[in-house]
Amino acid sequence: MMIDYYNHTIVVFLLLSLGIFELGSCTENPSQTNNNVTVKRIQSEREALVSFKAGINDIPGKLSSWVSEDCCQWNGVECDDESGHVTKLNLRNPAGRHRHFDYIQRDAQYANHPWNVNISPYLGNLSRLTHLDLEGNYNLSTKNLNWVSSLSSLEYLYMGGVKIDHTKADWLHAINMLPSLLELTLYSCELEHLPSSLTFLNFTSLQILDLSYNPFNTSIPKWLFNLTSLTQLDLSFSNQGGKILDSFGRLLGSLKYLYLGGNHFSGSIPASIGNLSSLEELDLSYNEMNGTIPKSFGQLSKLVKLYLLENFWKSVITEAQLMNLTSLEEFALTTNNKSQPLVFNVKYDWRPPFKLKILHLESCRIIGPKFPVWLQVQSKLTYVTLRNVGIEGTIPEECFSTISFQLTYLDLSNNQIKGNLQHQLVFPKLTKLFLQSNFFSGPIPSNISDLMPSLQYLDLSENLLYGKIPLSISKIKHLNILVLRRNNLLGELPHHWNKSQMDLRVVDISYNNICGKIPSSMGFLGNLSILVLSNNNLSGEIPSSLQNCSIVSMDFGGNHLSGDLPSWIEPNIFMLRLRSNLFSGTIPQKWCNLHKLRILDLAQNNLFGSIPDCLNNFAAMVDDNIVGYEPIENYTEKAYIVTKGREYEYDRTLQLVTCIDLSENSLTGGISIQITSLTRLGTLNLSMNHLNGSIPKNIGNMRWLETLDLSNNRLFGPIPGSLSSLTSLVHLNLSFNKLAGRIPSGYQLQTLIDATIYKGNPLLCGSPLLTKCPGDETSDGPSITGVDEKQGGDDYERIWFYASIGLGFVVGFWSVYGTLLLKKSWRHCYFRFCDDIKDRIALLIALRVVHLKRKFGLEKN
């Protein structure tokens, strides 16, 4: 029985086991289970991406496809073919990436981006992610990087331009949790804290690190030198300071690209730089480097790009620093060290081992009276700047003959180069030519449009050129800037301007001997914004066709132009300078709409009538936020402005000037109270007219006024007391009017003590005039006090001073003691009072002594 029962039990057990096995094989097929888990995992990753999308605005051209069920088909998303996991997320904005060595564009590239979209931390659920690229999306931000630490498989993290809120070093601690990280870019993330050390460095395989454009305000952290696999390091414009450490040369031998520009580094380049044998690009521009360039530079045989702009370099560069730079193609160096400028001292006939494509040298000194051979043999140059480097004499014709067909940029300005402009060299690709501030002479080549058909910028200013302006200049189709200022050019302006030159924005032919009329064909230049024809011999009227242009600055001063002032001037004009001409008529009422006008100079003409009472519409003279025009690359406008009693030439600060000068005309009427609302006006000159009436009482509202000249008019009445509120006033002239009353005093007027300010107003009185006002102490006339008389007066006053002291002591003494001597009752009271005071003092002393004895145990038992 027991055996049968036992056998039966075994059979049942086997059957049940078989049944369970069969059941398991139906419900838990291994491949099916894995697929279900994968689907479940992919679904969670899809939900993470959906949460990310829900939190941000649509990134142009990226998220519109994020609607289908399969997230691996979405734009910017890549998955592993076998596992199905999301491995790459690429939502980069290519337009937002900064470019190295492009210093012209950098300054305004990343300003004023709204941080209005938060990145969902659910991205941290993409556990198999190896690539995350959100670079260039400046509207994105994240509260922290804690979610990044969950992406343990991450190899490439690009978040440049994304604002990262952080507390001290938490962002770096999150990055330090990524052991597989190879490339990290966090430029322009508003990071402020960069720890100098880390207890443990986990991402030692890192090859590319970009922390540029962050306001760290630190020195280079030491843990960087443990990244021995690093090939590219970018700390540009990251507010770094101190000296560049020797550690760069000792520990970063694999480094190929090193960008440290736009910081506060000082001192010399360390000699260990020569150990960076793999270095291909080096940028130390825009720092405070005030030392030398070591000879070990000559060991960087793989160096291709070397940028050392805007520092304070000193000492000498010889063949030793350059002899082995066989790969060098781009070399840029400028120095601000005026007392000890950097010197290139190489042999005249030295032939370097490199063939440069880009050469930029500025404010250093190239030794040699002639154009050095090492520059002449550079046959691959496309870009050349040799600005203010001390080059003298003539340029050999063969110097540019080998590169003329490939050259696109040539700047030889601010040297002492002589000779004529060469008529035979053809520069078909040259777009920018700057030869200003030299001693070039002779005429401008008559066939310049054939020699340089691609010119965009032409600056021949401040030379000794003569002859006529060639008509062919008006045939250069892509010309953008034409500057011929301060030469000896004569004849008339070219007459054949046409619509094909719509790119022309600046024409500056001031300070020459140009005659004739302004050609009406200039009206075809629709984009012309700056027209400077001052100090020539131009005559006739301003052609009305110029209203078809986009002029924001018009300077025709110092000519013989006549007729009425143009009423068609556009509201966007910043400077209107027509002084020293023969204009007549009245100031147009339509000019009241010139809300961007900051400089109005109509002095020395034949204008009559009254000053418009709507000058308060000049909004740019009230609001500093209204700017004139955007700066134009490679052009700085210059103008002479009469202010503070003198004529000053303004250039880079011209847009900060605010001025109204209507002097030396025949204007009549009064000074409108509206003009006092121009609170940002710096200069107001209405002198030498026929103005009458009184000075506006609230002229003190013009708090930024530095120059006020109302002289030689017919103004009457008192000088307003509010004039003393003009705390910026440094030049005042109210002479030769009919002003009356007391001259105000106080505040700024106390510094303006020149009596000629008020000369020619016989009814004025008070300081600094010698005329006394009624009620003041009268005087028979002015007296001149000599040194001896002044010394005698001082002695007389000193005698009276000591006599008064003695008399006061005698009176005070006998007032008290004389009374006690004569009145017995008062004398008894006084002595009793003295006795009482004495007894009280003695009692207090005795009590104090007893107290001290008890305190220190000195009292005997």
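Residues numbered from 1 in each chain as written. Predicted model: local features only at pLDDT ≥ 70, side-chain atom pairs only at ≥ 80, totals over all residues. Heavy atoms only, no water.

Focus on the overall build of the protein chain
Part 1 of the argument: The helix and strand tally for the protein chain stands at eleven helices and 52 strands.
Part 2 of the argument: Expressed as a percentage of the 861 residues in the protein chain, the buried residues total 47%.
Part 3 of the argument: Considering only contacts within the protein chain whose residues lie at least 6 apart along the sequence, 58% involve residues at least 24 apart.
Part 4 of the argument: Of the roughly 42,600 Å² of accessible surface on the protein chain, a fraction of 54% belongs to carbon and sulfur atoms. (Helix = DSSP H or I, 4+ residues; strand = E, 2+ residues; numbered from the N terminus. Buried < 20%, exposed > 50% of the residue type's maximum accessible area, 1.4 Å probe, protein only. Contact = heavy atoms within 4.5 Å. Areas by Shrake-Rupley, 256 points an atom, 1.4 Å probe, with all protein chains shown as cover.)

Points about the state of the cysteines
Here, disulfide denotes a covalent bond that connects the sulfur atoms of two cysteines.
Part 1 of the argument: All told, the structure shown has three disulfides when counted by the stated rule.
Part 2 of the argument: Between the sulfur atoms of C592 and its disulfide partner C614 the distance amounts to 1.4 Å. Of this pair, C592 sits in the loop between strand 39 (582–585) and strand 40 (599–601) while C614 sits in the loop between strand 41 (606–610) and strand 42 (639–643), and the two are 22 residues apart along the sequence.
Part 3 of the argument: The side chain of C765 participates in a disulfide bridge whose partner is C773; the two sulfur atoms lie 2.0 Å from each other. Its S-S torsion of approximately 100 degrees makes the covalent link between C765 and C773 right-handed.
Part 4 of the argument: Look at C773 and you get buried, because its relative accessible area is 5%.
Part 5 of the argument: By sequence-ordered numbering of the bonded cysteines, the protein chain has its disulfides arranged as 1-2, 3-4, 5-6. (Disulfide = S-S within 2.5 Å.)

Some thoughts on the side chain of T334
Part 1 of the argument: You can see T334 is positioned in strand 18 (residues 330–335).
Part 2 of the argument: A distance of 2.4 Å separates a polar side-chain atom of T334 from the backbone nitrogen of E310.
Part 3 of the argument: In this view, T334 contacts L308, L309, E310, N311, W313, H360 and E362; residues no more than four positions away in its chain are not counted. (Polar contact = N/O pair within 3.5 Å; in protein donor to acceptor, adjacent residues only side chain to side chain.)

Some points on the sheet that holds strand 52 (residues 763–765)
Each strand in a sheet pairs with another by means of backbone hydrogen bonds, the pair being arranged parallel or else antiparallel.
Part 1 of the argument: Taken together, four strands build an open sheet; the order of strands is 47-49-51-52 and the sheet is parallel. The open sheet has two free edges, formed respectively by strand 47 (692–693) and strand 52, since each of these has just one partner strand. (Pairing = 2+ DSSP bridges.)

What to know about empty space enclosed by the protein
Part 1 of the argument: A full pass over the atoms with the stated rule returns seven cavities of 30 Å³ or more.
Part 2 of the argument: Within this model, the largest cavity holds a volume of roughly 90 Å³.
Part 3 of the argument: Lining of the largest cavity is provided by 14 residues; of these, Y511, S534, K638, A639 and Y640 occupy positions nearest its centre.
Part 4 of the argument: Class assignment of the residues belonging to the lining of the largest cavity gives a composition of four nonpolar, three polar and seven charged.
Part 5 of the argument: Along its surface, the second largest cavity is lined by L359, F371, L375, Q376, Q378, L381, V384, L386, C399, F400 and I403. (1 Å grid on protein atoms, 1.4 Å probe; cavity = no way out; pocket = protein on both sides within 12 Å on 5 of 7 lines; lining within 4 Å. Points joined across faces, edges and corners; volume = space filled by probe spheres on them. Nonpolar A, V, L, I, M, F, W, Y, C, P; charged D, E, K, R; others polar.)

Section: the pattern of salt bridges
Part 1 of the argument: In total, this model carries 18 salt bridges according to the counting rule given.
Part 2 of the argument: For E281, the salt bridge goes to K305, with nearest N and O atoms at 3.8 Å. Residue E281 is located in strand 15 (residues 281–283), and its partner K305 is located in strand 16 (residues 305–311); the two are separated by 24 residues in the primary sequence.
Part 3 of the argument: The buried category is assigned to E281, whose relative accessible area is 13%.
Part 4 of the argument: By relative accessible area, which is 21% here, K305 ends up partly exposed.
Part 5 of the argument: Because the salt bridges share partners, they merge into one network encompassing R92, D133 and E135. (Salt bridge = Lys/Arg side-chain N within 4 Å of Asp/Glu carboxyl O.)

A short note on a nonpolar patch on the surface
Part 1 of the argument: A surface patch of nonpolar side chains, about 460 Å² in accessible area, is lined by F833, I837, I841, I845 and V849.
Part 2 of the argument: The topology assignment puts V849 in helix 11 (residues 824–855).
Part 3 of the argument: Using a relative accessible area of 40% as the deciding quantity, one classes V849 as partly exposed. (Patch = residues over 30% accessible without salt bridge, like charges linked within 9 Å, V, L, I, M, F, W, Y side chains within 5 Å.)

Observations concerning the sheet that holds strand 7 (residues 163–164)
Part 1 of the argument: Within the open sheet, the three strands sit side by side as 3-5-7. Their pairing is parallel. The sheet is open, and its two edges are formed by strand 3 (117–118) and strand 7, each paired on a single side.
Part 2 of the argument: Across two bridges, strand 3 lies against strand 5 (residues 140–142) in parallel orientation. Across the sheet, residue V117 finds its bridge partner in strand 5, namely L140.

Quick look at the packing of aromatic side chains
Part 1 of the argument: Within this structure, the stated rule accounts for 13 aromatic pairs.
Part 2 of the argument: Both rings, one in W350 and one in F354, keep their centres 6.4 Å apart while their planes meet at 75 degrees; by these two values the pair is edge-to-face.
Part 3 of the argument: Taking relative accessible area as the criterion, W350 reaches 14% and is therefore assigned buried.
Part 4 of the argument: Ring centres 4.3 Å apart and planes at 15 degrees place the aromatic pair Y383 and Y409 in the stacked group. (Phe/Tyr/Trp six-rings, centres within 6.5 Å; stacked < 30°, edge-to-face > 60°.)

Some details on the confidence of the model for the protein chain
Part 1 of the argument: Residue-level pLDDT values for the protein chain average 84, and 84% of them are 70 or greater.
Part 2 of the argument: In the model, residues 104–115 has pLDDT below 50 throughout and makes 29 contacts with residues more than four positions away in sequence or in other chains. (pLDDT = per-residue confidence, 0-100.)

Considerations on the nonpolar core
Part 1 of the argument: Among the nonpolar cores identified, the biggest contains 199 residues, and L361 and L386 are the most heavily contacted of them.
Part 2 of the argument: If you tally residues by element for this core, the top one is helix 4 (residues 170–175), at four residues.
Part 3 of the argument: Counting 21 residues, the second largest nonpolar core, distinct from the first, contains V532, I641, L654 and C659. (Core = buried A, V, L, I, M, F, W, Y, C linked by side-chain atoms within 4.5 Å.)

Quick notes on the side chain of S553
Part 1 of the argument: Topologically, S553 is positioned in strand 36 (residues 553–555).
Part 2 of the argument: Here the side chain of S553 touches E637 through a polar contact of 2.6 Å, side chain to side chain.
Part 3 of the argument: With residues up to four places along the chain from it excluded, the contact list for S553 reads S529, I530, L531, I573, M575, Y629 and E637.

Remarks on unusual backbone geometry
Part 1 of the argument: Here the bond from S767 into P768 is cis, since omega is 10 degrees, no more than 30 degrees from zero.
Part 2 of the argument: Structurally, the position occupied by P768 is in the loop between strand 52 and helix 10 (787–822).
Part 3 of the argument: Despite not being glycine, E310 has its phi angle at roughly 50 degrees, a positive value.
Part 4 of the argument: Mapped onto the secondary structure, E310 falls in strand 16.
Part 5 of the argument: One non-glycine residue with positive phi stands out, namely N414, at about 60 degrees.

Some thoughts on the pairing of strand 29 (residues 464–468)
Part 1 of the argument: Here strand 27 (residues 439–442) pairs with strand 29 via two bridges, running parallel. Counterpart to S441 in the pairing with strand 29 is L464.
Part 2 of the argument: Bridge count for strand 29 against strand 31 (residues 488–492) is three bridges, and the pairing is parallel. In the sheet register, K468 faces strand 31, and the bridge partner there is L490.

A short note on the pairing of strand 35 (residues 537–540)
Part 1 of the argument: Along strand 35, the buried face is formed by L538 and G540; none of N537 and S539, which line the opposite face, is buried.
Part 2 of the argument: Pairing of strand 33 (residues 513–516) with strand 35, which is carried by two bridges, proceeds in the parallel orientation. Residue pairing across strands places C515 opposite N537, the latter belonging to strand 35.
Part 3 of the argument: Judged from the two bridges that link them, strand 35 and strand 37 (residues 560–564) form a sheet pairing that is parallel. Each residue of the ladder has a partner; that of S539, found in strand 37, is H560.

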